[in-house]
Protein chains: 2
Amino acid sequence: MNNRTKYIILFFTIVWANSAFAQKDYSADFKKVKLVFNIDNNGTPGYQVFYGSNNIIKTSALGFKLVDNKALDKDFVITSVDNSSFDETWKPVLGEVSKIRNQYKQMIVHLKQNTTGYLLDIVFRVFEDGVGFRYEFPKQNDLKYFIVADELTQFNLSGDHKAFWIPGDYDSNEYEYTESKISEVNNKAIFESSTDICVRTVRDFTSVQTPLMLKTGDGLYINIHEAALINYPAMQLHVDNNSYQLSASLVPDAVGNKAYLKTPFHTPWRTIIVSDKAADILASKMILNLNEPSVIKNTSWIKPMKFVGVWWEMQTGKGSWSYANNADSTNAKGQLLPSGKHSANTANVKRYIDFAAANNIQGVLVEGWNTGWEDWFGTWKENVFDFVTPYPDFNVRELQKYAAKKGVQMIMHNETGSSATSYDREMDTAFKFMKRFGYNSVKTGYVGKIVPRGEFHDGQWMINHYLRTAKKAAEYQVMIDIHEAVRPTGLNRMYPNWVASEAGRGNEYFAFSHGNPVNHETILPFTRFMGGPMDYTPGIFKLSNYSKDPTRKLRSTLCKQLALYVTLYSPLQMAADLPENYAAYKDAFKFISDVPADWDDTKIIGAEPGDYIAIARKGKGTNNWFIGAITGENSRDINVDLSFLDKNKKYAAVIYADAPGTDWEHNQEGYEIKKMNLTSTSLLKLHLGKGGGAAVSIIQL
Amino acid sequence: MNNRTKYIILFFTIVWANSAFAQKDYSADFKKVKLVFNIDNNGTPGYQVFYGSNNIIKTSALGFKLVDNKALDKDFVITSVDNSSFDETWKPVLGEVSKIRNQYKQMIVHLKQNTTGYLLDIVFRVFEDGVGFRYEFPKQNDLKYFIVADELTQFNLSGDHKAFWIPGDYDSNEYEYTESKISEVNNKAIFESSTDICVRTVRDFTSVQTPLMLKTGDGLYINIHEAALINYPAMQLHVDNNSYQLSASLVPDAVGNKAYLKTPFHTPWRTIIVSDKAADILASKMILNLNEPSVIKNTSWIKPMKFVGVWWEMQTGKGSWSYANNADSTNAKGQLLPSGKHSANTANVKRYIDFAAANNIQGVLVEGWNTGWEDWFGTWKENVFDFVTPYPDFNVRELQKYAAKKGVQMIMHNETGSSATSYDREMDTAFKFMKRFGYNSVKTGYVGKIVPRGEFHDGQWMINHYLRTAKKAAEYQVMIDIHEAVRPTGLNRMYPNWVASEAGRGNEYFAFSHGNPVNHETILPFTRFMGGPMDYTPGIFKLSNYSKDPTRKLRSTLCKQLALYVTLYSPLQMAADLPENYAAYKDAFKFISDVPADWDDTKIIGAEPGDYIAIARKGKGTNNWFIGAITGENSRDINVDLSFLDKNKKYAAVIYADAPGTDWEHNQEGYEIKKMNLTSTSLLKLHLGKGGGAAVSIIQL
């Protein structure tokens, strides 16, 4: 790893000959963050986290229940403690910044359970911006294969914090965020009223998904999530409304078990990011740092990409994924009869390729190109799509040639209908097809109930499936964007070809439902995006009257849609609207043409979850900056300190801002474009209407 | 299908304009067998079966419960009835006879449920030797996808018959048969005491597997099973000890559902074979006839085969599947350290190849050739074997060349550890490996709990998996022998490369347990073999002192082991003992060398389940006959009427019979070999000791 500079300093190791003792505290700290570990009188391991003088996580138990009534919850003694320090700087393949410093103090507590002799290590890493810890089961004679019944990790909060949460659903993250006190967390009504996607499974009405964003009464910001989720189920949090205790709740498998493991094994990292500034939460690289370096040696084929797609026209009902009206619509030979609404036809796709080529858009996604869309949904069947058979009006070879001539990349679409077993069987065939026809990336999807039946989207089996898919994609040098999967945990460091995921409630909900709250995108970076890029599909310009349902409209202004290209980081970033809708606003679309999808640097100008986010980013390999600012229900004026610009350079700025009187309810598509020259000492003022936004391109002269 | 002669005669179709009626009986009959259908006052469909004047199945309900509280159990009316007749003769690719006549009367009852409008057809086929019926769901607008919660088929017996049964286990058929009255069927004690294989799942203590063999107080023989089990779970039978009602009990999936279906769909056939002669049950071809013709066009590569194997030496503990003593037995480089007991080494395999080549044995199976056997068992892990990596002492290429030079076929072994998902993913790789190294057949295995976790060996998902495997094997022109799978249902007609299955309690139980009852092999042909060939692994010559446990011994004489090559039909037939044990009895082994594994004709000389079986078969493409006779706990003299021999021909016979004083408890390996010339008018007397047998080769001069 020639691009990493690494410093490891081993501080000290304490080993006791007689390990039968307890009560003593062991701690590690980094600036204001302090981690304290101890074992109580029952031999139960526990930890606390402090931020300055604030005990943000009160003594919280650690441990496991295993299948067969074994419990790793007490009778532990410390056999030794290792302390060390680590400092490296590494370069992400794709990212918000070009270099990431990974600096922490590490404390490994080696435990032994007296009653069983089982060994268990708990590894803490204390960063400037929080704490990560994980369990490690060393290789040992008495514990080889084991099945986790429950993980007993607690996060005992110090008070009734404000929380930004979605239900602890085993199958979905596609929810609106609720802002409530911890004491008020209850997802029952939300779960029961959310019928607009096809699979939801909530069994615990006070469970929430991570990343969970919290704000204390003292103004501290706390984010709880996990990093490097591999061969283990996703962790949700069970909320005790009275004690403010959060406890790990692992997504079960088909028979109710949580994880099938073999020593040596380590769990994902449990992460607690903390700051007194909301912006620091967004700037944190702790989750990436807790992941392993890239296992892909040659990453030259992994590239950021903006793309358009034959997609929104189906979402909004203008066209259809399917070729025929239904599976029974056939001629005497059994061939499907075209409905005339099939969007993924060669001529229409060429229109998107032309648009991409003319507008600095690198890719074109086409959904509905392959047979099966007449009959794929909601039946829990196993063999849904074959991933290689195009509809008669979609000419793969012709489009490959056409796109290549225009310098545009075609993006493959593999919807599995959640039949993961079937996709596993067909995957090599699917990837060979991609390589044969020049596709360098694929969007996969998992709509519906999982096969293997009884498994959930976020259980260990599916976690392994997603990673298997990403690895297989890497073998074929294909980038992957997984939809309806588990929310990310920074694995894009280790598998940089896994460029994005959905795993959240995207812009698409405005097409087929009542949509997203006006402050939705001000919460997402503090929650869903903490784990990694999301394919949110921003850039809708026609903000109302796009659907047959006239009540549907985006809770956004046009400029907010532009700003999302900066505030929502994804190296695979869609311009989601139709070419004809962009044609109506060519001057505004210029920002999307200009904006990069990957960055050398990022400055969080200001942020408050639920209220607003303003971010400046420096385009990869350039000296150009782009600013995005969005606001929730309140209009807002933001003053941008431009001191991040080079002191001696001049810049030409284009400011795309909500026009006077424009907000998400009025004159949504109103904007003003101003051009001016700027330097690092200029003062830039941006006005955002309610639910509005502003975008700025700052090109070095 | 140029080898089929087919006659279809449409008798009459009755259609009613007004379908609101009931009570009338509709019947079809063939010689002594009569089927009667009616609908009761609740609109519940029902059937009866008569054999002559015996009402062997009293009025029994038909129907389904579907998920979502839909019930197809009443409110039905008959919309029409179609009667027809069918007669064809077809040639099996491999079989007990060269031609099979398929002659039946068919009655299709078209039903409509008044409350829902759902259409359901019940198709009855009445043969000379019994009745088959299945449910057919026509394509219909109101019922497309549906999930079966329960099949409601009943078989109401006319009395407290004697039954030969094994527990209704979702995962295994490897049980000893119990002979009891229907009123006494209870599998709890058997299930709870059967701990010698690694997965058993019994949830209903009066459930039994099919084929279920029954004998009435009047001396009628009744066999209940199913034919053509495709895309549906196996049917077990719930026994009501008081009413003698048997009811279909389908093996569930991971979430408790039974089958995910789409119209048009038809279930497997439910089969009731009946006769007043036990021999007729064994001679019945009804189950094969209810299966579809071969879907494999070119079957020239499908051939019968006797084989020896590197197998019994591991079963008996002389050698091991694994290369090292355990997975932790490694050197500093992490390489496994050989235990010195690994049987699948190149030199040892060559010994088997030499033996096969010298003794008219076509194949050599080698288990334990591939890495992973140190750590494969009982942990419910998913990725167990990779199917392509040999141990360091097994030279695939060298053995391929050596076997080819000797004219011997190597047989592949793919143990999945029941991780069917993993095998699905690796299957192409595995079959490509076989073709690359000249393997034309594979033995697969499913030891342990199934992955997908929560699925059972006999549920719909695994039924589909086995067939997927057989189809994939056919694509590669590979014959397949599936172990620990569902018991067969005649699918070897449709997929003739699926040459054998285990799915029963084979000879191997004598190696690693207390073994099988002395009458076990006299029951198997009436039960397990009704559905198709079993890889029973006969031919053990060293009948005691083969195991470290001196109490283990086969409940057999040596001659009974010879006789099994005739009484147990399998076109893939093992000579299971070690070459050195055969070398001790070269003259007796001559029978195994001579006996074919496939036949042109079969005569059941006499049979009684639990007591004895005597069968004569004519070798494929020859005029030579082979006789096998075995007996249970009683010694027996059998007079063989040789009138099946050609009238004008002379034959040289070799008779292998238990020596005087030989039975399974005394002088087990004692035998006498007599040679004589025979004609069709000769009288052949065979003496069988207790648990003994006799084998005869009759070669045309």
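Data block above holds the structure.
What counts and how
Residues numbered from 1 in each chain as written. Chains lettered and ligands numbered in written order. Predicted model: local features only at pLDDT ≥ 70, side-chain atom pairs only at ≥ 80, totals over all residues. Heavy atoms only, no water. Helix = DSSP H or I, 4+ residues; strand = E, 2+ residues; numbered from the N terminus. Rg over C-alpha atoms; globule rule 2.2 N^0.38 Å. Buried < 20%, exposed > 50% of the residue type's maximum accessible area, 1.4 Å probe, protein only. Areas by Shrake-Rupley, 256 points an atom, 1.4 Å probe, with all protein chains shown as cover. Lys, Arg positive; Asp, Glu negative; His and termini not counted. Charge placed at Lys NZ, Arg CZ, Asp CG, Glu CD. Polar contact = N/O pair within 3.5 Å; in protein donor to acceptor, adjacent residues only side chain to side chain. Contact = heavy atoms within 4.5 Å. Phe/Tyr/Trp six-rings, centres within 6.5 Å; stacked < 30°, edge-to-face > 60°. Lys NZ or Arg CZ within 6 Å of the ring centre and 35° of its normal. Buried area = accessible area lost by both parts, 1.4 Å probe. Salt bridge = Lys/Arg side-chain N within 4 Å of Asp/Glu carboxyl O. Nonpolar A, V, L, I, M, F, W, Y, C, P; charged D, E, K, R; others polar. Axes fitted to C-alpha atoms, helices over the stretch in contact; angles between N-to-C directions. Parallel < 35°, antiparallel > 145°, perpendicular 65-115°, else oblique. Left-handed = near helix turned anticlockwise from the far one by under 90°. Least-squares fit on C-alpha atoms with pLDDT ≥ 70 in both. Expected span 1.5 Å × (residues − 1).

### Quick notes on the overall build of chain A
Along the backbone of chain A there are 13 helices and 38 strands. Relative to a compact globule of 701 residues, whose C-alpha radius of gyration would be 27 Å, chain A shows 25 Å and is just as compact. In terms of overall dimensions, chain A has a C-alpha envelope of 80 × 70 × 50 Å along the principal axes. Relative to its 701 residues, chain A shows a buried fraction of 65%. With an accessible surface of roughly 24,200 Å², chain A has 47% of that area assigned to carbon and sulfur atoms. Here chain A holds 77 positive side-chain charges and 76 negative ones, and the gap between their average locations is 6 Å.

### Remarks on the side chain of Asn370(A)
Residues and elements named next belong to chain A. Among the structural elements, Asn370 can be located in the loop between strand 25 (363-366) and helix 6 (396-406). Residue Asn370 is classed as buried on the basis of its relative accessible area, which comes to 1%. Within the local environment of Asn370, its side chain forms a polar contact with the side chain of Trp373, the two groups lying 3.0 Å apart. In contact with Asn370, other than residues within four places in its own chain, are Phe385, Phe387, Thr389, Pro390 and Tyr391.

### Re the packing of aromatic side chains
For any pair of aromatic rings, geometry is given as the distance between the ring centres together with the angle between the planes. Residues and elements named next belong to chain A. A full pass over the atoms with the stated rule returns 80 aromatic pairs over all chains. Relative to Phe133, the ring of Tyr47 lies with its centre 4.8 Å away and its plane at 50°, an arrangement referred to as tilted. With Tyr47 in strand 4 (residues 45-51) and Phe133 in strand 11 (residues 130-137), the pair connects residues that are 86 residues apart, well separated along the chain. The residues Tyr47 and Phe133 share a single accessibility class, namely buried. Three or more aromatic residues joined by ring pairs form one cluster here, namely Phe355, Phe541, Tyr582, Tyr585, Phe589 and Tyr671. Sitting over the face of the ring of Trp380, Lys449 holds its NZ or CZ atom 3.9 Å from the ring centroid.

### Description of the interface of chain B and chain A
Each side of the interface is counted separately: chain B has 27 residues, and chain A has 27 residues. Taken together, the two surfaces of chain B and chain A that pack against each other cover about 2,300 Å², and 53% of this comes from carbon and sulfur. Taken as a group, Tyr145(B), Arg425(B) and Arg453(B) account for 26% of the area that chain B buries against chain A, more than any other trio of residues on that side. Taken together, chain B and chain A are joined by six salt bridges. Counting every contact that joins chain B to chain A gives 12 residue pairs in polar contact (both at pLDDT 80 or more). The biggest single contributor to the side of chain B that touches chain A is helix 7 (residues 420-436) of chain B, with four residues. Residue composition of the side of chain B that touches chain A, grouped by class: nine nonpolar, four polar and 14 charged.

### Comments concerning the packing of helix 5 (residues 346-358) of chain B against helix 6 (residues 396-405) of chain B
Describing two packed helices takes the angle between their axes plus the distance from one axis to the other. All names here are of chain B. Between helix 5 and helix 6, whose axes approach to 10 Å, the crossing angle comes to 15°. Between helix 5 and helix 6, the angle is such that the two are roughly parallel. Crossing handedness for the pair helix 5 and helix 6: right-handed. For the pair helix 5 and helix 6, contact is made by Thr346, Val349, Lys350, Ile353 and Asp354 and by Glu398, Leu399, Tyr402 and Ala403, respectively. A class-by-class count of the residues in the contact of helix 5 with helix 6 yields five nonpolar, one polar and three charged.

### Structural notes on the environment of Ser98(B)
Residue and element names in this part refer to chain B. With respect to the helices and strands, Ser98 occurs in the loop between strand 8 (76-90) and strand 9 (100-113). Separated by 214 residues in sequence, Ser98 and Trp312 place their C-alpha atoms 33 Å apart. Once you skip the residues sitting within four places of it in the chain, Ser98 turns out to touch Trp90, Lys91, Pro92, Trp599, Asp600 and Lys620.

### With respect to the pattern of salt bridges
Inspection of the entire model under this criterion finds 71 salt bridges over all chains. Between Arg505(B) and Glu176(B) there is a salt bridge; the shortest N-O distance is 3.4 Å. Taken together, the residues Arg505(B) in the loop between strand 29 (498-501) and helix 9 (509-512) and Glu176(B) in the loop between strand 14 (162-165) and strand 15 (178-181) connect sequence positions 329 residues apart. What makes Arg505(B) buried here is its relative accessible area of 3%. Using a relative accessible area of 27% as the deciding quantity, one classes Glu176(B) as partly exposed. As a salt-bridge pair, Lys215(B) and Glu608(B) come within 2.7 Å of each other at their nearest N and O atoms. With Lys215(B) in strand 17 (residues 212-215) and Glu608(B) in strand 31 (residues 599-608), the pair connects residues that are 393 residues apart, well separated along the chain. Here the two residues Lys215(B) and Glu608(B) agree in accessibility, since each one is buried. Bridged by salt links that share partners, the residues Glu151(A), Glu226(A), Arg270(A) and Arg487(A) form one connected network.

### Some points on the environment of Ser275(A)
Residue and element names in this part refer to chain A. Within the secondary structure, Ser275 is located in strand 23 (residues 269-275). Taking C-alpha positions, Ser275 is 9.0 Å from Gly219, a pair spaced 56 residues apart along the chain. Apart from residues lying up to four places away in sequence, Ser275 is in contact with Tyr51, Gly219, Leu220, Tyr221, Asp280 and Ile281. Within the structure, Ser275 has its side chain in polar contact with the side chain of Asp280 (distance 2.7 Å).

### Re the relation of the copies chain B and chain A
Under the fitted operation, chain B is carried onto chain A by 0.0 Å of movement along the axis and a turn of 180°, and the coordinates agree to an RMSD of 0.0 Å. Given the turn and translation reported, the copies of this chain are related as if by a two-fold rotation axis. Ranked by how close their C-alpha atoms come to the rotation axis, the residues of chain B are headed by Arg425(B), at 2.6 Å. Mapped onto chain A, 100% of the interface residues of chain B again fall at the interface, so both copies present the same surface.

### Some details on helix 5 of chain B
All names here are of chain B. End to end, helix 5 covers 18 Å across 13 residues, agreeing with the expected 18 Å (1.5 Å per residue, within 8%). Of all the residues in helix 5, the buried ones are Thr346, Asn348, Val349, Tyr352, Ile353, Phe355 and Ala356. A positive backbone phi angle near 60° is found at Asn360, which sits one or two residues after helix 5.

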